[in-house]
Amino acid sequence: MSNLSHLDKLEAESIYIIREVVACFERPVLLYSIGKDSAVMLHLAIKAFEPGPVPFKLLHVDTTWKFKEMIDFRDKVAKNFGLSLIVHVNKEGLQRGIGPISHGSKIHTNIMKTEALKQALDLHLFDAAFGGARRDEEKSRSKERIFSFRNKNHAWNPKNQRPELWSHFNTQINEGETVRVFPLSNWTEIDIWSYIKLRNIEVVSLYFSRVRPVVSRNDQLILVDDKRLAIRKDEKIEKKKVRFRTLGCYPLTGAVESEASTIDQIIKEIEISDFSERGGRLIDRDQIGSMEKKKQEGYF
Amino acid sequence: MSLVLQTPRSKETANKKDQLRFLTCGSVDDGKSTLIGRILYDTNLISRDNLSQTKKESERYGTQGQELDLALLVDGLQAEREQGITIDIAYRYFETEVRKFIAIDAPGHEEYTRNMVTGASNAETAIILIDAEKGITKQTKRHSSIISLLGIKNTLLAVNKMDRVNYDQKTFLDICEDYKTFCRKLTEFHFTAIPISALKGCCVTKLDTSIPWYKGPSLLEVLENIDVSANITDAETRFPVQIVNRPDQNFRGYSGTLVSGKLSCGDMITVHPSFKKCQISKIIEPTGPVKRSQAGKSITIVLSEEIDISRGDMITKSSSKPYVVDQLAAHVIWLDHTALLPERIYDIRFATKETTAQITTLEYKIDFESLDHHAAKTLKLNEIGFCKIALADAVAFDSYDDNKVTGSFILIDRETKATVGAGVIDYGLRRASNIQWHNMKIDKRLRSKRYNQKPMMLWFTGLSGSGKSTIADKLEQKLVERGHFTYLLDGDNLRHGLNKDLGFTDKDRIENIRRVAEVGKLMVDAGLLVLACFISPFKAEREMARLLFNNDEFFEIFVDTPLKICEARDPKGLYKKARSGELKNFTGIDSEYEAPLNADIHLDAGTQSVEKLVNQVLKFLEKKI
């Protein structure tokens with residue numbers, strides 16, 4: 001028999017991790033962010049338990065500033081696969097009118113994402129939460145364990161992580177403590193796309209290049225997704241052929257000019273690209289050591 | 001030095017490339033992060049935005065003056081960049097035309113060795129960095145021993161900072177000779193030595209004229225061609241059951257990763273530890289049903305008949321047997337600031353099986369400098385020892401040499417839930433099966449019936465002078481009046497006889513409680529109601545005692561009297577002695593009492609009368625005896 005391919009090995013490792021969580025925790029949940037990584041993670045979760053159903057719920061923390069297309073896609077996926085989806089919005093933040101344009105990325109992300117996530121985890125008493133983060137995305141993520149322990153306040157202590165040997169994950173926690181679990185830790189951006197192609201997994205069409213209305217702001221191309229994006233006097237809406245390498249809140253996620261409208265073209269484009277995947281993410285750069293600080297506070 | 005190289009590989013297509021996971025280790029400041037940064041930089045794998053951010057950070061934190069500090073490409077944590085050291089392992093993903101790589105950058109500080117162990121457990125090869133100016137250090141030896149223990153056989157010795165010794169060949173050869181001498185004591189340990197300068201980029205990805213006497217290969221070439229393939233598909237079949245998949249009445253499957261070997265529909269398999277045999281009727285992979293599957297795949301199997309299988313069981317082909325025993329010998333590396341305590345109960349986790357374990361014998365610990373064996377009573381953080389371990393249940397496992405996944409385990413502290421140790425199994429011990437528990441015809445059930453009572457252990461815990469003995473004494477009288485058969489075990493009585501060799505150090509206190517609990521267990525087996533009165537200050541030891549009994553046989557009674565009152569009573573004058581320093585390790589004064597949080601009975605013994613407290617216990621026992 002031939003040796004397993006690289007993707008076969010990644011697939012098996014991720015499924016093993018997902019099953020471990022279900023075997024060892026009482027109330028797991030899958031953090032579904034609608035992006036390509038979430039799509040792969042969800043596919044693996046379905047495969048891990050077939051012919052049975054997925055034995056946990058999906059949670060989407062909605063900042064109310066996601067691309068419209070993402071929300072439609074989210075609801076379609078939940079319906080098609082018969083999944084139980086919880087959508088959580090930080091109501092208090094919404095009442096205060098917190099948003100990325102009015103308050104900036106730092107405050108918006110903290111209140112509408114990090115705080116909202118903690119609210120949802122506490123509300124539903126989830127003891128393990130799957131996230132689609134990968135170690136190749138960002139420097140502080142490259143330091144994180146697969147089973148990442150969080151204290152009662154959901155905080156990550158990067159200086160004192162649990163040893164993690166072989167595939168023997170320590171799944172024990174005391175009351176009130178939780179873990180974040182990252183089944184895709186060892187996947188790279190190209191692995192994700194190669195797997196999406198191999199298994200024919202559906203992803204939001206925002207990843208594929210199309211002519212879209214954008215404005216240029218702070219060196220980023222921002223999609224004009226709804227009327228909340230006030231167009232300034234010195235700006236003008238242009239029609240450009242763009243796609244997104246990563247998806248977040250639309251005013252905080254820059255589009256890239258691209259001709260890649262198929263998965264093969266996307267893979268080719270990434271291979272020769274001079275920019276990193278999260279280059280379009282403003283939240284990674286709003287302070288030095290930015291992502292690490294957000295993670296310590298409880299961001300995914 | 002032995003070069004372990006294959007014929008050079010050709011350019012492979014993206015999906016066919018294999019992947020090499022390698023660890024970089026060495027002392028602080030040997031340049032590990034700089035080396036990985038150098039490889040990424042030279043192979044053009046740094047994106048423009050990351051490079052510009054690193055330039056920004058180099059100006060602020062860099063250790064290379066105005067030049068780009070390559071280490072900052074890798075050190076991901078704020079504290080690491082500020083202090084210029086690596087605290088935790090970082091994973092870096094890159095590929096060349098030949099191979100895909102995961103570079104695992106391990107910290108050099110002794111304090112963070114446990115993070116290095118984490119990285120080493122999943123690496124296939126390792127680069128051991130040595131500073132040419134300093135030569136072999138204690139940390140070089142420590143890391144080499146750990147790498148060898150974890151089964152990495154082929155390594156690279158990178159003698160770095162050659163620029164600082166004027167690229168001198170003799171310096172390089174001397175270091176190689178020293179290292180070779182050290183490695184003779186490690187089993188099957190091979191290395192390829194390369195002189196490099198990560199800072200200047202010489203001999204890392206390409207050879208350099210500054211070292212004309214070195215003819216190659218470069219470090220990257222070695223990484224691209226080193227052969228570490230372990231043929232797990234041809235190994236004995238091991239399938240640890242991860243979950244039972246039973247969505248409805250019509251389907252019952254067993255899911256997990258096929259760790260090694262192959263499985264086909266129709267194969268006869270054996271389930272361990274029950275030794276039940278059965279045939280495979282169906283195998284499902286993520287893409288659907290298949291006729292056969294191979295090592296490394298995540299599968300779900302269906303059997304021809306319904307037999308009792310649960311998570312933690314191991315399925316093998318009927319022709320091959322793992323160890324299925326409750327004792328083993330293993331090398332353990334300690335990963336926690338609190339030292340290993342022999343006799344203490346830890347949770348142990350194998351591939352998918354969890355149970356409890358006790359280190360029964362610590363044979364020796366290893367001195368990293370000389371690799372000699374030394375007698376030891378305990379293992380401290382980062383120490384490696386050879387131990388005998390007793391398990392609560394029979395478990396199926398292999399030796400680490402035969403199978404890394406089914407031949408290893410981690411130890412978990414029952415209270416803090418921290419991962420405190422990791423073990424690689426040398427062999428299983430058959431001893432337990434030789435002294436099997438004698439199944440007598442007259443058993444506990446029969447004796448219980450004859451005495452007309454349910455035998456049990458009532459465990460009184462509390463400070464000295466809290467009233468444990470007084471309450472237990474009164475309670476025993478009441479029980480005997482009602483026609484029960486009892487026995488009272490008292491700390492003072494036992495210390496005059498069975499335990500007279502024990503003092504009051506933490507270790508002796510643990511052994512004291514272990515003996516008491518074992519004696520109590522025999523008495524419960526004899527059909528008695530046993531009352532045990534011991535300060536038993538540590539939660540872990542009370543828990544150890546509880547584990548010896550069935551759930552409905554052990555009840556913890558917390559005699560909760562405030563320290564002030566105990567000290568005022570001071571029936572034996574002990575508090576006075578402890579306060580004056582005449583008595584050491586006295587619970588409540590200079591030794592901790594860990595109060596039970598979930599005692600079965602909580603006696604408020606500071607305010608209630610003995611009569612009332614005894615009635616409270618009797619009421620609790622009413623329907624249980």
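A brief look at the structure comes next. (Residues numbered from 1 in each chain as written. Chains lettered and ligands numbered in written order. Predicted model: local features only at pLDDT ≥ 70, side-chain atom pairs only at ≥ 80, totals over all residues. Heavy atoms only, no water.)

A short note on the overall build of chain B
Secondary structure assignment for chain B yields 16 helices and 28 strands. Over its C-alpha atoms, taken along the principal directions, chain B stretches across nearly 95 × 70 × 45 Å. When each of the 625 residues of chain B is scored for burial, the buried share is 56%. Considering only contacts in chain B between residues 6 or more positions apart, those separated by 24 or more positions represent 72%. As presented, chain B carries roughly 27,600 Å² of accessible surface, and 48% of it is formed by carbon and sulfur atoms. (Helix = DSSP H or I, 4+ residues; strand = E, 2+ residues; numbered from the N terminus. Buried < 20%, exposed > 50% of the residue type's maximum accessible area, 1.4 Å probe, protein only. Contact = heavy atoms within 4.5 Å. Areas by Shrake-Rupley, 256 points an atom, 1.4 Å probe, with all protein chains shown as cover.)

Examining the pattern of salt bridges
Residues and elements named next belong to chain B. Scanning all chains against the criterion turns up 60 salt bridges over all chains. Residue Asp18 pairs with Arg99 through a salt bridge whose shortest N-O separation is 3.1 Å. Taken as a pair, Asp18 in the segment before strand S1 (19-25) and Arg99 in the loop between strand S2 (90-95) and strand S3 (100-105) lie far apart in primary sequence, 81 residues in all. For Asp18, a relative accessible area of 29% translates into the label partly exposed. Taking relative accessible area as the criterion, Arg99 reaches 2% and is therefore assigned buried. The partner of Glu611 in a salt bridge is Lys478, with the nearest N and O atoms 3.8 Å apart. One end of the pair, Glu611, is in helix H16 (residues 610-621); the other, Lys478, is in helix H10 (residues 468-481), with 133 residues separating them in the sequence. (Salt bridge = Lys/Arg side-chain N within 4 Å of Asp/Glu carboxyl O.)

Observations concerning the nonpolar core
Membership of the largest hydrophobic core comes to 78 residues, with the highest contact counts inside it found for Leu23(B), Leu35(B), Ile127(B), Ile147(B) and Leu219(B). With six residues, helix H6 (residues 169-183) of chain B is the single largest residue contributor to this core. In contact with Leu23(B), other than residues within four places in its own chain, are Ile104(B), Ala106(B), Met116(B), Gly119(B), Ala120(B), Ala123(B), Thr125(B), Ala126(B), Ile127(B) and Ile147(B). Counting 70 residues, the second-largest nonpolar core is a separate cluster that includes Ile15(A), Phe25(A), Leu44(A) and Leu184(A). (Core = buried A, V, L, I, M, F, W, Y, C linked by side-chain atoms within 4.5 Å.)

So, the side chain of Glu20(A)
Position of Glu20(A) relative to the elements: it lies in helix H1 (residues 6-24). Of note is the side chain of Glu20(A), whose polar atom sits 2.5 Å from the side chain of Arg349(B). Setting aside residues no more than four positions away along its own chain, Glu20(A) makes contact with Phe147(A), Phe169(A), Gln242(B), Arg311(B), Arg349(B) and Thr352(B). (Polar contact = N/O pair within 3.5 Å; in protein donor to acceptor, adjacent residues only side chain to side chain.)

What about H16(B)?
All names here are of chain B. Compared with the 16 Å implied by 1.5 Å per residue over twelve residues, the 17 Å span of H16 between its first and last C-alpha is a close match. Of the residues making up H16, those classed as buried are Leu613, Val614, Val617, Leu618 and Leu621. The arc enclosing the buried residues of H16, seen along the axis, measures out at 140°, which places them on a common side. Residues of H16 that are exposed and angled more than 90 degrees away from the buried face: Lys612 and Lys619. Check the buried side of H16 and you find it contacts strand S24 (456-461), H10, strand S27 (554-559) and strand S28 (601-603). (Expected span 1.5 Å × (residues − 1). Arc of directions from axis to C-beta.)

What to know about the packing of helix H12 (residues 506-525) of chain B against helix H13 (residues 539-547) of chain B
Helices that pack against each other are described as a pair by the angle of their axes relative to one another and the distance between those axes. Residue and element names in this part refer to chain B. One way to put it is that H12 packs onto H13 with a least axis distance of 9 Å and a crossing angle of 20°. Comparing their axes, H13 and H12 come out roughly parallel. In terms of crossing hand, the pair formed by H12 and H13 is right-handed. Here Ile510, Ile513, Arg514 and Ala517 of H12 come into contact with H13, specifically with Glu541, Met544 and Ala545. (Axes fitted to C-alpha atoms, helices over the stretch in contact; angles between N-to-C directions. Parallel < 35°, antiparallel > 145°, perpendicular 65-115°, else oblique. Left-handed = near helix turned anticlockwise from the far one by under 90°.)

Regarding the environment of Asn231(B)
All names here are of chain B. Positionally, Asn231 belongs in the loop between helix H7 (219-225) and strand S7 (239-240). With a relative accessible area of 48%, Asn231 lands in the partly exposed category. Between the C-alpha atom of Asn231 and that of Lys153, which follows or precedes it by 78 residues, the distance is 15 Å.

What about the interface of chain A and chain B?
Counting residues at the interface gives 61 residues for chain A and 81 residues for chain B. Summing both partners gives a buried area of about 6,000 Å² for chain A against chain B, and 52% of it is carried by carbon and sulfur. Interface area lost by chain A to chain B is led by Lys139(A), Lys143(A) and Trp166(A), which between them contribute 15%. Our enumeration of links across chain A and chain B arrives at five salt bridges. (Buried area = accessible area lost by both parts, 1.4 Å probe.)

Let's talk about the sheet that holds strand S5 (residues 147-150) of chain A
All names here are of chain A. A sheet is described by the order of its strands in space; here six strands give the open sequence S3-S2-S1-S4-S6-S5, paired in mixed fashion. Either end of the sheet is taken by a strand with one partner, and the two such strands are strand S3 (85-88) and S5. When strand polarity is set aside, the average angle formed by the axes of neighbouring strands in this sheet is 30°. Taken together, the three bridges between strand S4 (residues 128-130) and strand S6 (residues 178-181) define a ladder with parallel strand orientation. Bridge pairing in S6 places Ala129 opposite Arg180. (Pairing = 2+ DSSP bridges.)

Things to note about empty space enclosed by the protein
Residues and elements named next belong to chain B. Summed over the entire model, instances satisfying the criterion amount to seven cavities of 30 Å³ or more. One number sums up the size of the second largest cavity: a volume of about 80 Å³. Considering the residues around the second largest cavity, the lining is formed by Pro240, Gly312, Asp313, Met314, Phe350, Ala351, Thr352, Lys353, Val395, Ala396, Phe397 and Thr406. A total of three residues in the lining of the second largest cavity trace back to one element, the largest contributor, which is strand S21 (residues 384-397). Here the lining of the second largest cavity is built from residues that sort into seven nonpolar, three polar and two charged. (1 Å grid on protein atoms, 1.4 Å probe; cavity = no way out; pocket = protein on both sides within 12 Å on 5 of 7 lines; lining within 4 Å. Points joined across faces, edges and corners; volume = space filled by probe spheres on them. Nonpolar A, V, L, I, M, F, W, Y, C, P; charged D, E, K, R; others polar.)

With respect to the environment of Leu381(B)
Residues and elements named next belong to chain B. Residue placement: Leu381 occurs in the loop between strand S20 (373-374) and S21. Once the C-alpha coordinates of Leu381 and Ile280 are considered, the two residues, 101 residues apart in sequence, prove to be 45 Å apart. Leu381 has contacts with Arg114, Trp334, Leu335, Asp336 and His337, leaving out every residue within four places of it along the chain.

Quick word on the sheet that holds S27(B)
Residue and element names in this part refer to chain B. Taken in spatial order, the five strands line up as S25-S26-S24-S27-S28 in an open sheet, and their pairing is parallel. Because the sheet does not close on itself, it has two edges, and the strands there are strand S25 (486-490) and S28. On average, adjacent strands in this sheet sit at an angle of 20° to one another, irrespective of strand direction. The strands touched by H16 are S24, S27 and S28; relative to S28, the strand with the most contacts, the crossing angle is about 170°.

Some words on the pairing of strand S5 (residues 154-160) of chain B
All names here are of chain B. The element S5 is largely enclosed, with a buried count of seven among its seven residues. Burial of S5 is two-sided: the residues Asn154, Leu156, Ala158 and Asn160 facing one way and the residues Thr155, Leu157 and Val159 facing the other way are all buried. Bridging between strand S4 (residues 125-131) and S5 involves six bridges; their strand directions are parallel. For Ala126, the partnering residue across the bridge sits in S5 and is Thr155. As for the winding sense of the linkage, the β-α-β connection from S4 through helix H5 (residues 138-149) to S5 is right-handed. Alignment of S5 against strand S6 (residues 190-195), held across six bridges, turns out to be parallel. Bridge pairing in S6 places Ala158 opposite Ile194. Crossover S5 to S6 through H6 is right-handed. (Right-handed = clockwise from strand over helix to strand, strands pointing away.)

With respect to the packing of helix H6 (residues 189-198) of chain A against helix H7 (residues 263-272) of chain A
All names here are of chain A. Relative to each other, H6 and H7 sit at 170°, their axes nearing to 10 Å. Comparing their axes, H7 and H6 come out roughly antiparallel. Crossing angle aside, the handedness with which H6 passes H7 is left-handed. Contacts between H6 and H7 pair Glu189, Ile190, Trp193, Ser194, Ile196 and Lys197 from the former with Ile263, Asp264, Ile266, Ile267, Ile270 and Glu271 from the latter.

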